[in-house]
Each structure stands twice: as structure tokens, then as C-alpha cells.
Amino acid sequence: MTTAADQVLKGLFSEAGLDDPYRYYAELHKLGPVSLLGGDGGYAAVVTGYQAADELLRDPRFHVADDVFSDDHGGPGWREHPLLAVLNNSMMYSNGPRHLTARRLFHQVFTPRRVTELEPAVGQLVDGLIDQLAERFDRDGEADFMTEFAYPLPSSVVAALLGIPQDDLAWFRPRVERINDFLDVVGKTDEVLAAADQATRELSDYYQDLIVARRKTPSDDLISQLVAAIDAGLHEVSDYDLICNLLVLFNASFVTTIHLIGNGMWQLLDQPGLRAAAGSPAFVEEVLRYEAPVQFVARWSEEDAEIAGTVLPAKEIVLVMLGAANRDSLRYPSPDLFDAGRTDVKPLSFGAGPHYCLGAALARAEARIAFPRLLERFPSLRAARPPVRNPQQFLRGYKSMPVAT
């Protein structure tokens, strides 16, 4: 049976929804914090209220879920697809002991202190990219902010963290994008999966070689420390487990940060009055609330579970709309207004509960360091032409953003 929420989701997952999902979120909010669906789209319910989403994400009854692990998309032999096998084995898409084991390993070496120690290196990377932008402005008069700053900064930071040579990043980008193409809510075709599988094979081989090299000659990077912890017998994690998590960590850590930086920069270009606040944590939090890089996640429960007065059926996938929760008027007055002076801003953009994003603090630090330095160097920075949206529902951001001084 088709419900009112099904009709709204149909619009949301269309070209119109890609351009402006927030009008559809507003319609879903009118239906309540949780709406049951007819099930024709593969989902049993959609959660849009802030309190309901926060409650569900922290509820131990609910597990991570993704519809890539199904007969519809992966076929009965989905384990034969390298991408699906890697995702299913990573802590981002696993539950219970397997999730806890991997997360404890990464928590041991990826600490708040390490993020703080990385900040000077982040500043150096920001300054170097700003110098390159200045050269491009002098030569061509304009630059694509997404390609020449928003992408290389977080990818360079994650590379420095993991110990990946900077010269290899150009090789990484197309392979990462093929995987992200498949992770979107639409477009899971055989061709897209085949391309993502090939990218996964190549990235897995790369990480295997890097693990072998670090085991032979350790360095002061995250992979060396992870390998040392595994070899010391502190965690029951295999090299394959580590590869799965490194592959997903790289994708998740820098792709979301790309859009955090791009979305924040567009606010600064579109509303110059915000520039005085660009370096504040409050500005970064409002960017995350207003335009969440990750718009939704999926969860399921082994048993019927009540959230916000609605019983969600067991073993059915529920969409938790992070972008909608962040625009809930019951949590944030005038939610469609970008207000860098908001207080008590706690966006769900990095999730909540046991699967809260490991790289959240690092992403925030990158944005907090980058925005004021960019505006100090280019006080007259402006949009050269309208930006072009990233053509994905899952990741909210821009594909290109021409800028000039």
C-alpha cells in the first residue's frame, strides 16, 4: 500500500529532490517524526524528526544496514563482489563483536591527541593549496574551488594520516568515486557495481602492498601503528579486515569533508556577511546542520521497536534522514535559515551512538583551519559562475565551484 510518505520519497529521489531535498523534508516533517512506508521502495519507514533520529541511532536494538547486501542488488552470490564483501566486513557496515573489535583497534591509534598533533600539518597543507590557488588566479583568472582545494585538502590530510604518498592521490580519486557512485541511493546498476568492484580490487592490492611495506619498515603513520597493534596480538584483526577498514575509512573520511568544506565555502560566497564568523566552531557546526554532507543512513532491528510512538517492524530497513533531522523546527527554530550565531547546535551529520564517525573531529578541524586562512589570503574571493551540484542523493555537495578574486 502506497502511503503519503512514499509519495514524498518519490519526489525526494528525483531530479527535483536532488536540486532541493529540503522542501520534501518539510513535507515529511508534516507527517510526523517517523513515517511508515508501503515497502515498494525497499524501505519500511523513514525517520525525519531530530529527537527520533538521535534516539534510533543510539538504540542498541538497531544495527547498521545497507541495501547493497541484498539479492536485488548483489544477487545470491553478492559475496563474490569485492566491493560488497569489503563493505560488509568493515566496521562501518558491521555490528556486534566484529564492529567493536575493529573500532577498538582504530580508537587505540586514532586518538584526539593525534588529531590535535595533526593540526599544524593541516595548516601547512592549507597554506600550500592556497599558494596553488593564487598561482591559478594569476594565470587563469579563476579556479574550481572543489577540484583545487576542497578535494585535495582532506585527501591529503587522510593520506598524511595513513602514510599514503601524496603523489598517489591522483590515482586514488577516480577509484574512490566509482565506489561512491554505487553507494548512492539510486543508480545501483550492474555496470556501476562492476566498476566499483574493479576499483575495490585495485585499492585492496594497493593497501596490501602498503601493509607489507610498513610491516618491513615501520613509519610514524596510522597504518604502521595499526599493523604493530595487530602483530602484537592486541586485536583479533586480519590483514584483510584491516584492508576493508582502510578502504572504507579513506572514502568516508575525506568524501564527507570535501562537502563540508565546499558547502561552507558556498555559504561564505553567497552571504559575505558571514565571513567574520568563518573561523569559529559555531560556523562549522551550522554548516554541518544546514547542509549535511551525508543526508541519510539505514538501520534495522531484529525485533519490532517503537520510536517516537511508531512501531518499526523487525528485520526491515529504516531510512534515517540526517539532513531532515537537522532541519527539524522542533529542534532548531527557523531551520531553513543559515544562522552562524545559533547556540546548542548538535547536528546529526556525523551520526550518533556506536557508529559515530571516527573522523568527525579531524573534519571539523580541517574546516575550522581552512576557512579563515582562505579569506585572509583572498578577501575579495567571489563566485565566478554558479556552482554545479554533486549528482548524488546520498552525498550533498558540489561537483564544481568556479571562484575568482
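The name an unreviewed UniProt entry gives the protein chain is Cytochrome P450, with Kribbella koreensis as the organism.

A. Spotlight on the overall build of the protein chain. A count of helices and strands for the protein chain gives 16 helices and twelve strands. The C-alpha radius of gyration computed for the protein chain amounts to 21 Å, which stays within 12% of the reference 22 Å derived for 405 residues, consistent with globular compactness. For the protein chain, the C-alpha atoms occupy an extent of roughly 60 × 55 × 40 Å along the three principal directions. Per-residue burial over the protein chain gives 57% buried out of 405 residues. Considering only contacts within the protein chain whose residues lie at least 6 apart along the sequence, 72% involve residues at least 24 apart. Within the structure as shown, the protein chain displays about 17100 Å² of accessible surface, and the carbon and sulfur contribution to it stands at 52%. Looking at the protein chain, you have 38 positive and 56 negative side-chain charges, and the mean spots of the two groups are 3 Å apart.

B. Inspection of the pattern of salt bridges at higher detail. If you walk through the whole model with that rule in mind, you get 25 salt bridges. Note that R385 and E142 form a salt bridge whose closest N and O atoms lie 2.8 Å from each other. Note that R385 is positioned in the loop between β9 (382-383) and β10 (388-389) and E142 in strand β4 (residues 142-144), a separation of 243 residues in sequence. Take E142: its relative accessible area is 27%, and that puts it in the partly exposed class. Several salt bridges share partner residues, and in doing so they unite R136, R139, D140 and E148 into one network.

C. Just helix α5 (residues 82-89), in detail. With seven of its eight residues buried, α5 lies for the most part within the structure. Residues of α5 that are buried sit in contact with α6 (96-109), α10 (169-183), α11 (190-216) and α13 (239-270).

D. Structural view of the sheet that holds β4. Overall, antiparallel pairing links the three strands, which are arranged β4-β12-β9 in an open sheet. At either margin of the open sheet sits one strand with a lone partner, and together these are β4 and β9. Across three bridges, β4 lies against strand β12 (residues 402-404) in antiparallel orientation. Paired with D144 across the two strands is P402, which belongs to β12. Contacts from helix α7 (residues 112-140) reach β4 and β12, with the element oriented near 130° to β4.

E. Seen up close, the packing of helix α1 (residues 4-12) against helix α3 (residues 22-31). In contact at an axis separation of 9 Å, α1 and α3 are set at 170° when each is read in the N-to-C sense. What the angle tells us is that α1 and α3 run roughly antiparallel. Residue-level inspection shows A4, A5, V8, L9, G11 and L12 of α1 in contact with α3, the latter providing Y24, Y25, E27, L28 and L31. Residue composition of the contact of α1 with α3, grouped by class: nine nonpolar, one polar and one charged.

F. Summary view of the environment of T343. Relative to the helices and strands, T343 resides in the loop between α15 (322-325) and α16 (360-377). Residue classification places T343 among the exposed positions, given a relative accessible area of 66%.

G. Local environment of the side chain of D221. On the secondary structure map, D221 appears in the loop between α11 and α12 (222-231). Polar side-chain contacts of D221 include one of 2.7 Å to the side chain of R214. Within the local environment of D221, its side chain forms a polar contact with the backbone nitrogen of I223, the two atoms lying 3.2 Å apart.

H. Just the packing of helix α9 (residues 152-162) against α13, in detail. The contact between α9 and α13 brings their axes to 8 Å, and the two run at 150°. For the element pair α9 and α13, the recorded crossing hand is right-handed. Contact residues: L153, P154, S155, V158, A159 and L162 in α9; L246, L249, F250, S253, F254, T257, I258 and I261 in α13.

I. Geometry of the packing of aromatic side chains. In the structure shown here, the tally under the stated rule is 18 aromatic pairs. Measuring from centroid to centroid gives 5.0 Å for F250 and F254, while their planes differ by 65°, and the two rings are edge-to-face. Pair noted here: F250 and F254 are both in helix α13, with a separation of four residues, about one helical turn. Classification of F250 as buried rests on a relative accessible area of 0%.

J. Seen up close, the nonpolar core. Counting residues in hydrophobic clusters, the biggest one holds 136 residues, and the most contacted among them are F145, F149, L162, Y207 and F250. A per-element tally of this core places α13 first, with 17 residues. Setting aside anything within four residues of it in sequence, one finds F145 in contact with A150, I261, G262, M265, L374, M401 and V403.

K. Spotlight on unusual backbone geometry. With a phi close to 60°, K315 is a non-glycine residue in the positive phi region. Within the element layout of this structure, K315 appears in the loop between β7 (310-312) and β8 (318-321). Look at K315 and you get exposed, because its relative accessible area is 57%. One non-glycine residue, S334, lies in positive phi territory at about 45°. With respect to the helices, strands and loops of the structure, S334 is situated in the loop between α15 and α16.

L. View of the environment of E148. Mapped onto the elements of the fold, E148 is located in helix α8 (residues 145-150). Once you skip the residues sitting within four places of it in the chain, E148 turns out to touch L129, L133, R136 and A143. A polar contact is formed between the side chain of E148 and the side chain of R136, at a distance of 3.0 Å.

Thresholds applied
- Residues numbered from 1 in each chain as written.
- Predicted model: local features only at pLDDT ≥ 70, side-chain atom pairs only at ≥ 80, totals over all residues.
- Heavy atoms only, no water.
- Helix = DSSP H or I, 4+ residues; strand = E, 2+ residues; numbered from the N terminus.
- Rg over C-alpha atoms; globule rule 2.2 N^0.38 Å.
- Buried < 20%, exposed > 50% of the residue type's maximum accessible area, 1.4 Å probe, protein only.
- Contact = heavy atoms within 4.5 Å.
- Areas by Shrake-Rupley, 256 points an atom, 1.4 Å probe, with all protein chains shown as cover.
- Lys, Arg positive; Asp, Glu negative; His and termini not counted.
- Charge placed at Lys NZ, Arg CZ, Asp CG, Glu CD.
- Salt bridge = Lys/Arg side-chain N within 4 Å of Asp/Glu carboxyl O.
- Pairing = 2+ DSSP bridges.
- Axes fitted to C-alpha atoms, helices over the stretch in contact; angles between N-to-C directions.
- Parallel < 35°, antiparallel > 145°, perpendicular 65-115°, else oblique.
- Nonpolar A, V, L, I, M, F, W, Y, C, P; charged D, E, K, R; others polar.
- Polar contact = N/O pair within 3.5 Å; in protein donor to acceptor, adjacent residues only side chain to side chain.
- Left-handed = near helix turned anticlockwise from the far one by under 90°.
- Phe/Tyr/Trp six-rings, centres within 6.5 Å; stacked < 30°, edge-to-face > 60°.
- Core = buried A, V, L, I, M, F, W, Y, C linked by side-chain atoms within 4.5 Å.

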